[in-house]
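# A closer look at the structure
Each chain is listed here by its residues.
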Amino acid sequence: MDLSHIILYAIVPIIVVMLAGFISGKKGIFTGADAKKFNKVVLDYALPAALFVSIVQASRDDLVKDIRLTIVSAVGIMACFMLVYFVFKYCFKKNTGADAAISALISGSPTIGFLGFAVMEPIFDQTVGLSSVALVVAIVGIVVNAIGIPVGLSLMNASLAKQNPSAKKQSAWKPVIHALSQPVAWAPILAVVLVVCGLKWPAWASPSFDLIAKANASMAVFSAGITLAAIKFSMNFQVILGSFMKMIVMPAVVLVLGIVCGMDANNLRMLVVAAALPPAFSGIIIADENDTYVATGTSSLTLSVILFIGFCPLWIWLTNLAINGHLFGYLG
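Everything in this summary refers to the structure shown in the same document. Worth saying up front: this structure is predicted, and the values here are computed from it rather than measured. All residue numbers here refer to positions counted from 1 along the written sequence of the relevant chain. The predicted origin of the model limits local features to residues at a pLDDT of at least 70 and limits the giving and counting of side-chain atom pairs to 80 or more, whereas totals for whole chains, interfaces and linings rest on all residues. Side-chain measures here rest on the full set of heavy atoms in the structure, leaving out hydrogens and waters.

Let us look at the overall build of the protein chain. The way it works is that DSSP assigns letters per residue, a run of H or I at least four long becomes a helix, a run of E at least two long becomes a strand, and they are numbered from the N terminus. Check the secondary structure of the protein chain and you find 16 helices and zero strands. Its C-alpha atoms give the protein chain principal-axis dimensions of roughly 55 × 50 × 40 Å. The classification of residues rests on relative accessible area computed with a 1.4 Å probe and restricted to protein chains. Under 20% of the type maximum is buried, over 50% is exposed, and intermediate values are partly exposed. Going through the 332 residues of the protein chain one by one, you find that 52% of them count as buried. For the accessible areas, the method is Shrake-Rupley and the probe is 1.4 Å, while residue cover comes only from the protein chains on display. As displayed, the protein chain has an accessible area near 15200 Å², and 67% of this comes from carbon and sulfur atoms. Of the charged side chains in the protein chain, 20 are positive and 14 negative; the average position of the first set lies 10 Å away from that of the second. As used throughout, the charge tally considers Lys and Arg to be positive and Asp and Glu to be negative, leaving His and the chain termini uncounted. All charge positions are set by atom: Lys at NZ, Arg at CZ, Asp at CG, Glu at CD.

Put into C-alpha cells, the structure is as follows:
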C-alpha cells in the first residue's frame with residue numbers, strides 16, 4: 001500500500017477540513033454549541049444511514065467470515081478500555097473513579113463514529129470495497145457505543161454515587177438501554193439482522209439514504225475542528241500518558257490479537273487503523289455534561305489528533321510488516 005496515497009487522499013483532506021473548522025471556531029463563526037449540533041446530525045442521521053446502507057448490501061458469507069473481526073474488536077478494545085481505567089484510577093492519587101471512567105471513555109475508545117469513514121474509506125475503498133469498510137466501522141462502533149459507553153457510564157455513576165450518597169441511584173441497565181436506543185447502535189444491528197435473515201435490500205432504496213450518508217465524513221471532521229477550537233489545551237503527564245495509551249497501546253494490542261487469531265489481512269489492516277484513531281469525542285461530551293476531567297481529557301484528545309497524522313501511516317506500515325512476517329525480523 002502506497003503511503004504517499006494514504007497521506008494525500010486520507011490524511012491531508014482531514015487536516016484541511018479540520019483546519020477549516022478550527023479557524024471558523026477561532027473566528028467565532030461557529031461555537032462549541034454548534035459543534036454539538038453538527039455531531040448530533042452525524043451520530044443520529046448521517047453515520048447510521050452510511051452504516052445501514054453499506055452493511056445491508058453484504059452477504060451472510062461476509063458476516064461469517066468476519067467473526068474473528070468481531071471477537072478481536074471486542075476483546076482488544078475493551079481490554080484497553082479497562083486498562084486505561086485501572087491505570088488512571090490507581091496510579092494517580094488525585095483521580096476519582098469518575099475521572100478514571102472519563103479517561104477510559106476518551107483514551108480507551110477510538111472516535112470511530114466521527115472519523116471512521118473519513119479516514120478508512122479513501123484508504124481501503126478501492127482494495128476491499130465500501131461494504132467491508134462499513135462492516136469494520138459498524139463493529140467497532142457497536143463495541144464503543146453499545147459496550148464501552150455503558151460500562152464507562154456505569155463506572156462513573158458508581159463513583160459519583162459514592163461521592164454523593166444522598167443522590168438517587170440509577171439502574172445499571174439504563175446506560176445499556178440508552179446506548180442501544182441510539183440510531184448509531186441499532187441501525188447497523190438491524191442491517192446485520194436483515195443480512196443474516198437473507199432479506200434482499202432493494203437497490204432503488206439506497207439513494208434515499210446516500211445523500212445524508214455522504215455528509216457523514218465531511219461534517220464530522222469539520223465539527224471536530226470546531227470542537228478543538230473551543231477547548232483550552234494544557235500539557236501534563238496524564239495528557240501524554242492518555243495519548244500514549246490511545247495511539248500506541250490500543251493499536252498494538254489489536255495487531256497482536258489479530259495476528260494470533262489469524263484474522264483476514266485486509267480486516268486486520270482496517271481494524272488497526274480504527275484502533276489508532278484519536279479518542280472518542282463522545283467521552284468529551286460526557287465529561288462536559290458531568291463537569292468531570294474536562295481539561296485533561298480534552299487536552300489528551302487534542303494531542304492525539306495531532307499525533308494521528310503521523311501514527312496512521314506508521315501503523316499501516318507496521319501492520320503490513322507483521323502480516324508479511326517481517327516485523328519481528330525487522331525489529332531484531
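Additional details are given in the paragraphs that follow.
This part is about the pattern of salt bridges. Should the charged atoms of two oppositely charged side chains come close, the side chains can pair. Whenever Lys or Arg places a side-chain nitrogen within 4 Å of a carboxyl oxygen from Asp or Glu, that contact is recorded as a salt bridge. Counted under the stated rule, the structure contains one salt bridge. Asp44 is the salt-bridge partner of Lys40, the closest N and O atoms lying 2.9 Å from each other. Of this pair, Lys40 and Asp44 both sit in helix α2 (residues 32–56), four residues apart, which is roughly one turn of that helix. The exposure class assigned to Lys40 is exposed, which follows from its relative accessible area of 52%.

This part covers the packing of helix α4 (residues 67–90) against helix α12 (residues 237–260). Where α4 contacts α12, the axes come no closer than 9 Å and their chain directions differ by 150°. It follows from the interaxial angle that α4 and α12 lie roughly antiparallel. Considering only the axes of α4 and α12, their crossing is right-handed. Of the residues in α12, those in contact with Val72, Val75, Gly76, Ile77, Cys80, Leu83, Val84, Val87 and Phe88 of α4 are Gln238, Leu241, Gly242, Met245, Val249, Met250, Val253, Val254, Leu257 and Gly258. Basically, the charged four are Asp, Glu, Lys and Arg, the nonpolar ten are Ala, Val, Leu, Ile, Met, Phe, Trp, Tyr, Cys and Pro, and anything else, Gly included, counts as polar. Partitioned by chemical class, the residues of the contact of α4 with α12 number 15 nonpolar, four polar and no charged. Axis geometry follows a simple rule: fit a line to the C-alpha atoms, using only the stretch in contact for helices, then measure angles between N-to-C directions, giving values from 0 to 180 degrees. Angles are sorted into four bins: roughly parallel if under 35 degrees, roughly antiparallel if over 145, roughly perpendicular if 65 to 115, and oblique for all others. Take the far helix as your reference; a near helix turned counterclockwise from it by less than a right angle gives a left-handed crossing, and one turned clockwise gives a right-handed crossing. Two residues form a contact once any of their heavy atoms are found within 4.5 Å.

A cluster of nonpolar side chains, namely Ile7, Leu8, Tyr9, Val12 and Val16, defines an oily patch on the protein surface of about 460 Å² accessible area. With respect to the helices and strands, Tyr9 occurs in helix α1 (residues 3–26). Since its relative accessible area comes to 52%, Tyr9 is described here as exposed. Here the term patch refers to residues with relative accessible area over 30% and no salt bridge, with like charges joined within 9 Å and nonpolar side chains (Val, Leu, Ile, Met, Phe, Trp, Tyr) within 5 Å.

Here we take up the packing of helix α6 (residues 112–128) against helix α11 (residues 215–230). Their axes nearest at 8 Å, the elements α6 and α11 cross at an angle of 120°. Regarding the angle of α6 to α11, the classification is oblique. Relative to α11, the crossing made by α6 is left-handed. Facing Gly113, Phe114, Leu115, Phe117 and Ala118 of α6, the residues of α11 in contact are Asn216, Ala217, Ala220 and Val221.

For this analysis, a nonpolar core means a set of buried residues of the types Ala, Val, Leu, Ile, Met, Phe, Trp, Tyr and Cys, connected via side-chain atoms within 4.5 Å. Membership of the largest hydrophobic core comes to 97 residues, with the highest contact counts inside it found for Phe88, Val119 and Met120. Here the element with the most residues in this core is helix α7 (residues 130–163); it accounts for 13 residues. Excluding its chain neighbours within four sequence positions, the residues that come into contact with Met120 are Ile112, Asp125, Val133, Val136, Val137, Met270, Val273 and Ala274.

Another point: the side chain of Gln238. Looking at the element boundaries, Gln238 is found in helix α12. Throughout this description, a polar contact denotes any pair of N or O atoms lying within 3.5 Å of each other; where both atoms belong to protein, one of them has to be capable of donating a hydrogen while the other can accept it, and for residues adjacent in sequence the pair is counted only when both atoms sit in side chains. There is a polar contact of 3.1 Å between the side chain of Gln238 and the side chain of Asn95.

This part is about α7. With 34 residues, α7 extends 47 Å between its outermost C-alpha atoms, agreeing within 8% with the 50 Å of an ideal straight helix rising 1.5 Å per residue. Note on bend: the value at a residue is the angle between axes fitted to the seven residues ending there and to the seven starting there. Largest kink in α7: about 35°, centred on Gly148, with the proline Pro150 one to four residues after it. Expected helix span is computed as 1.5 Å times (number of residues minus one).

Turning next to the packing of aromatic side chains. Aromatic rings in a pair are described by how distant their centres are and how their planes are angled relative to each other. Pairing of aromatic side chains requires ring centres within 6.5 Å, counting the rings of Phe and Tyr and the six-membered ring of Trp. Pairs whose planes differ by under 30 degrees are stacked, by over 60 edge-to-face, and all others tilted. Considering all chains together, one arrives at 10 aromatic pairs under this definition. Judged by centre distance (6.1 Å) and plane angle (15°), the rings of Phe86 and Tyr90 are stacked. Here the residue Phe86 and the residue Tyr90 both occupy positions in helix α4, the gap between them amounting to four residues, near one helical turn. On the accessibility criterion, Phe86 (41% relative accessible area) is partly exposed. Here Tyr90 falls in the exposed class, since its relative accessible area comes to 57%.

Following the sequence through the fold, Ser73 ends up in helix α4. For Ser73, a relative accessible area of 0% translates into the label buried. Among the polar contacts listed, one links the side chain of Ser73 to the backbone oxygen of Leu69, at a separation of 2.6 Å. Those residues in contact with Ser73 that sit more than four places away from it in its chain are Met78, Ile139, Val140, Val143 and Leu271.

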